[in-house]
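Chain and residue survey
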Amino acid sequence: MKLKNFWTTSLVLALALGFLQSTVLQAQTQSPVPNAPQDQQNQQKSQTFVGKIVKATNGQYALLMDEQAGKGVYLDDQEKAKQFEGKNVKVTGVLETAKNLVHITNIEPA
């Protein structure tokens, strides 16, 4: 039974990460809002995100917030993220929506 759960979990995680990767590619191909100043686009408020640190299929660490839906974000500080691989964490940072990337200001166990 444990082996079946392992494979099911692995499949769900692989699908979630694949979805996450395709979401990032879509976000990267979208152009910014025309006539909006660049500083205004990049100035966003710090937010808190809760989820599990996983290593995506592209080798980058990501915060998986909804495993069922495959919703997550990439993290800019890979060294900080690596320390929490496989653990549930609370990440504080600024989300760069165009790249689906969080610029980490703090990361701690959830």
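Residues numbered from 1 in each chain as written. Predicted model: local features only at pLDDT ≥ 70, side-chain atom pairs only at ≥ 80, totals over all residues. Heavy atoms only, no water.

Although it is not a glycine, Asn 100 sits at a positive phi angle of roughly 50°. Note on placement: Asn 100 falls in the loop between strand 4 (88–96) and strand 5 (101–109). (Helix = DSSP H or I, 4+ residues; strand = E, 2+ residues; numbered from the N terminus.)

Next up on the list: the sheet that holds strand 2 (residues 61–66). Strand-to-strand pairing in sheets goes through backbone hydrogen bonds, with the strands running parallel or antiparallel. With respect to topology, five strands assemble into a closed barrel ordered 1-2-3-5-4, the strand pairing being mixed. Geometrically, the sheet is characterised by an average inter-axis angle of 55° between neighbouring strands, direction not taken into account. Bridging between strand 4 and strand 5 involves eight bridges; their strand directions are antiparallel. Bridge pairing in strand 5 links Val 91 to Ile 107. (Pairing = 2+ DSSP bridges. Axes fitted to C-alpha atoms, helices over the stretch in contact; angles between N-to-C directions.)

To continue, consider the pattern of salt bridges. In total, this model carries two salt bridges according to the counting rule given. Ionic pairing is found between Lys 90 and Glu 108, a salt bridge with its closest N-O pair at 3.4 Å. Separated by 18 residues along the polypeptide, Lys 90 in strand 4 and Glu 108 in strand 5 bring together distant segments of the chain. Exposure remark for Lys 90: the relative accessible area of 32% places this residue in the partly exposed category. The exposure class assigned to Glu 108 is partly exposed, which follows from its relative accessible area of 30%. (Salt bridge = Lys/Arg side-chain N within 4 Å of Asp/Glu carboxyl O. Buried < 20%, exposed > 50% of the residue type's maximum accessible area, 1.4 Å probe, protein only.)

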